[in-house]
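Structural description and commentary
In case you want the letters, here they are:
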Number of protein chains: 2
Amino acid sequence: MKSETGRGYPQVEIITAKRAGFCFGVKRAIDISFDIAKEIPEGVYTLGPIIHNPQVIEKLKAEGIFPLNDINDLPGKSISALIIRTHGIPHQLYDRISSQNFRLIDATCPFVKNAQHYAQLLKENGYQVVILGDRSHPEVKGIMSYAGDDVEVVDEQSQLPRLKTKVGIVVQTTQPVEALKKLLANIIEHVKEVKVYNTICNSTALRLKETSDMAGKVDVMIVVGGKNSANTTQLAYLCTSLSVRTYHIETEEELKKEWFANTRKVGVTAGASTPDWIIKKVEKRIIDMGGESCNGNE
Amino acid sequence: MKSETGRGYPQVEIITAKRAGFCFGVKRAIDISFDIAKEIPEGVYTLGPIIHNPQVIEKLKAEGIFPLNDINDLPGKSISALIIRTHGIPHQLYDRISSQNFRLIDATCPFVKNAQHYAQLLKENGYQVVILGDRSHPEVKGIMSYAGDDVEVVDEQSQLPRLKTKVGIVVQTTQPVEALKKLLANIIEHVKEVKVYNTICNSTALRLKETSDMAGKVDVMIVVGGKNSANTTQLAYLCTSLSVRTYHIETEEELKKEWFANTRKVGVTAGASTPDWIIKKVEKRIIDMGGESCNGNE
């Protein structure tokens, strides 16, 4: 997509990642939520924001889909349906709420379900489970609940903990494969038996790869998505680490014209929780700014 | 150990690797062979040279321990005992010779036995087995026989073959851990379930590590061991790759005085099949050469 001035020469070329925006699991959860909301006109609740994108959350509210921040907000409310979001939840919490008097809809991403399942399988087969991921992330908290008491969570910065003789690895679905390679290289020097389930979601891996390739070819990268979205933040971090000028924005309102001065190529990418309509608005605003700037009207 | 001239100052400092020479498995096999040879005065046979060191083979012959190059040499000979060497043999061959009319002594290294066992276990559990190693090495040929029809052998230079969805890895005991890390990094991008038994022998790993550390601190490295010894050749290759001047010799006879001109520090290391007495002779000859050279007698 090229922005053209009235003089007929290209000013700013915008390349948008093919894999920018909603992944399979997020699209599925949003679709499920809209379907349920249509069935239940008094409104439905999601356990935590269903995705980490404030603009999408506002749209969902308008359709009767409301986030509950804490399960303890439940007893005082009379609700008809509760939706578990893509990240999943700890199995103890699932057991607790599944016996309550409302419809429970599990929109956990199937890839996250896989990671939970493999963590449990490894535990049952006598492995000490190591989860590669961010221990504060809800997805990891859910997986941990299936992984046994001796579970360890490590990230790229972690020192390796003291490990047992049989170690099983599962991975937060949005981790970069490079982090898994690093963990494997580290662990294999200390442990004789390692079983790995590479539960990284392909969509994440491909989005990171595409973004990384793109970052090498453009003057500036615009990363679109919730400031509270781990995978969007990871994309921004990746671009910065590749030494390309990078801006992480939630909406087109944050774009600044001076970012595109003397700029020929702009890359646009977006996290798994960023809807298409926000990406389109960002593209359009960059075109407008490129046009204006090159015309020298300001 | 320092070579001193008559003038009382050090000339050539020799550092010998603590882990140079016979590993546990080789020492055990040689001890077993000597014990059996004492029991059977008419002599015993080993299936292939028991270690890859021509000088040791000559010593063994003097004690009544003879290598058979091929199992097909057997029928014409009347023998009392046959020794399986540290590398192990394919199980089909084991089955064939174990029913014959002589004593069969299995001196397969226990760590190689482990690798064979894990290859079989992986096969039985539905994994496609990948062996990291040299496909022409007898140890690898033995492990392969336990690994199922879809086994693949890869080395550091290999392109990754087309793999199934569940891959199990075992490793030739003398491989460097860096090669395993590289394989894991490669494989984990393509396969969702990987089980690794790190069957690299610690003694090999520590010898490589010690040699590598030493190579960074000396002017020249002398690597002692059979030219047909894979692990000795690997040590020499490692030193060369670290840009230190390196000579691979079998005995002290090959040493050349000019190698030590303007040399302060000499590192000596040796493969798992190199006996102590050869290492001692090499050390002594270097001292002699250093002394002579510094005295300016030639």
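Our structure's up above, just so we're on the same page.
Below: a short report on this structure. Remember, predicted model here, so these are calculated numbers, not experimental data. (Residues numbered from 1 in each chain as written. Chains lettered and ligands numbered in written order. Predicted model: local features only at pLDDT ≥ 70, side-chain atom pairs only at ≥ 80, totals over all residues. Heavy atoms only, no water.)

**Comments concerning the packing of aromatic side chains**
All names here are of chain A. What counts, and what does not: Two rings belonging to Phe, Tyr or Trp (six-membered ring only in the last case) form a pair when the distance between their centres is within 6.5 Å. Interplanar angles under 30 degrees mark stacking, angles over 60 mark edge-to-face geometry, and anything in between is tilted. Elements are defined by DSSP. Helices are runs of H or I of four residues or more, strands are runs of E of two residues or more, and each kind is numbered from the N terminus. Charges are assigned to positions over rings by a cutoff of 6 Å between ring centre and Lys NZ or Arg CZ, combined with an angular limit of 35 degrees from the ring normal.
Here the structure, examined in full by the defined rule, presents ten aromatic pairs over all chains. Aromatic side chains Tyr45 and Phe66 sit 5.9 Å apart centroid to centroid with 45° between the ring planes, which places their arrangement in the tilted category. Placement of Tyr45 in strand S3 (residues 44-47) and of Phe66 in strand S4 (residues 65-68) is noted, with a sequence separation of 21 residues between them. The ring of Tyr127 has Lys166 lying over it, and the distance from NZ or CZ to the ring centre is 4.5 Å.

**As for helix H4 (residues 110-124) of chain A**
Residues and elements named next belong to chain A. Filter applied, for reference: To estimate the expected span of a helix, count its residues, drop one, and scale the result by 1.5 Å. Residue contacts are counted whenever heavy atoms from the two residues lie within 4.5 Å of one another.
Taking 1.5 Å of rise per residue, 15 residues should cover 21 Å, and H4 covers 21 Å from first to last C-alpha, within 8% of that figure. In the core, the buried residues of H4 are packed alongside strand S7 (128-132), helix H5 (138-144), strand S9 (166-171) and strand S10 (193-197). Phi turns positive one or two residues past the end of H4, at Gly126, with a value near 85°.

**Here's the deal with the relation of the copies chain B and chain A**
How we decide: Overlaid copies result from least-squares superposition on C-alpha atoms, with residues included only where pLDDT is at least 70 in both.
With an RMSD of 0.1 Å, the operation that places chain B on chain A is a rotation of 180° combined with a shift of 0.1 Å along the axis. A rotation of that kind, with that shift, is consistent with a two-fold axis. The position closest to the rotation axis in chain B is occupied by the C-alpha of Lys195 of chain B, lying 2.1 Å away. Of all interface residues in chain B, 100% are interface residues in chain A too; the two copies therefore contact each other through one and the same surface.

**Section: the sheet that holds strand S6 (residues 103-106) of chain B**
Residues and elements named next belong to chain B. Selection rule: Here, a strand pair is defined by DSSP locating no fewer than two bridges between the strands. Under this scheme, a helix contributes an axis fitted over its contacting stretch, all axes are lines through C-alpha atoms, and angles between N-to-C directions fall in the 0 to 180 degree range.
Strand order in the open sheet made by the four strands is S4-S3-S5-S6, with parallel pairing throughout. Two strands in the sheet have a free side with no partner beyond their single neighbour: strand S4 (65-68) and S6. Strand-to-strand twist in this sheet, taken as the mean axis angle between neighbours without regard to direction, amounts to 30°. Across four bridges, strand S3 (residues 44-47) lies against S4 in parallel orientation. Opposite Tyr45, over in S4, you have Phe66 as the bridge partner. Its contacts with the sheet put helix H3 (residues 91-98) on S3, strand S5 (81-84) and S6, and the angle it makes with S6 is roughly 150°.

**Description of the state of the cysteines**
Residue and element names in this part refer to chain B. Stated precisely, the cut-off is as follows: The disulfide definition used here is simple: a pair of cysteine sulfur atoms within 2.5 Å. Only protein chains enter the calculation, and the probe is 1.4 Å; a residue is then buried if its accessible area is under 20% of its type maximum, exposed if over 50%, and partly exposed in between.
A complete count under the given rule lists zero disulfides over all chains for this structure. As a non-bridged cysteine, Cys239 has Cys23 as the owner of its nearest cysteine sulfur, 18 Å distant. Taking the relative accessible area as the measure of exposure, Cys239 reaches 0% and is therefore buried.

**Comments concerning the interface of chain B and chain A**
Defined as follows: The rule for a salt bridge is simple: a side-chain nitrogen of Lys or Arg has to be within 4 Å of a carboxyl oxygen of Asp or Glu. Throughout this description, a polar contact denotes any pair of N or O atoms lying within 3.5 Å of each other; where both atoms belong to protein, one of them has to be capable of donating a hydrogen while the other can accept it, and for residues adjacent in sequence the pair is counted only when both atoms sit in side chains. All amino acids are sorted into three groups, where Ala, Val, Leu, Ile, Met, Phe, Trp, Tyr, Cys and Pro are nonpolar, Asp, Glu, Lys and Arg are charged, and the leftover types, Gly among them, are polar.
Listed as interface residues are 18 residues of chain B and, on the opposing side, 18 residues of chain A. For the pair chain B and chain A, the interface holds four salt bridges. Its salt-bridge partner being Glu189 of chain A, residue Lys181 of chain B comes within 2.7 Å of it at the nearest N-O pair. Between chain B and chain A we count 14 residue pairs in polar contact (both at pLDDT 80 or more) in total. Looking at the side of chain B that touches chain A, the elements with two or more residues in it are helix H6 (177-187) and strand S10 (193-197) of chain B. Of the residues in the side of chain B that touches chain A, the class split is eleven nonpolar, two polar and five charged. As judged from the five bridges shared by S10 of chain A and S10 of chain B, these two strands associate in the antiparallel manner.

**Regarding the environment of Ser80 of chain B**
Residues and elements named next belong to chain B. With respect to the secondary-structure elements, Ser80 resides in the loop between S4 and S5. Taking the relative accessible area as the measure of exposure, Ser80 reaches 27% and is therefore partly exposed. Discounting residues that sit within four places of it in the chain, Ser80 has contacts with Ile40, Glu42, Phe102 and Arg103. Side-chain polar atoms of Ser80 contact the side chain of Glu42, separated by 2.6 Å.

**Some remarks on the packing of helix H7 (residues 202-215) of chain A against helix H8 (residues 230-241) of chain A**
Axes are the key here: two packed helices are described by the angle between their axes and the distance separating the axes. Residue and element names in this part refer to chain A. This is how the line gets drawn: Any angle from 65 to 115 degrees is called roughly perpendicular, while one under 35 is roughly parallel, one over 145 is roughly antiparallel, and all others are oblique. In a left-handed crossing the near helix is turned counterclockwise from the far helix by less than a right angle, and in a right-handed crossing that turn is clockwise.
Orientation of H7 relative to H8, taken along the N-to-C sense of each, is 30°, at an axis distance of 10 Å. The angle between the axes of H7 and H8 places the two elements in the roughly parallel class. The interaxial crossing formed by H7 with H8 has right-handed handedness. Of the residues in H8, those touching H7 at Thr204, Arg207, Leu208, Thr211 and Ser212 are Asn231, Gln234, Leu235, Leu238 and Cys239. Residue composition of the contact of H7 with H8, by class: four nonpolar, five polar and one charged.

**Comments concerning the pattern of salt bridges**
Under the defined criterion, the tally for this structure stands at 22 salt bridges over all chains. With a shortest N-O distance of 2.9 Å, Glu39 of chain B and Arg103 of chain B are connected by a salt bridge. One end of the pair, Glu39 of chain B, is in helix H1 (residues 24-39); the other, Arg103 of chain B, is in strand S6, and 64 residues separate them in sequence. Residue classification places Arg103 of chain B among the partly exposed residues on the basis of a relative accessible area of 38%. Each of the salt bridges in this network shares a partner with another, and the network as a whole consists of Glu178 and Lys181 of chain A together with Glu189 of chain B.

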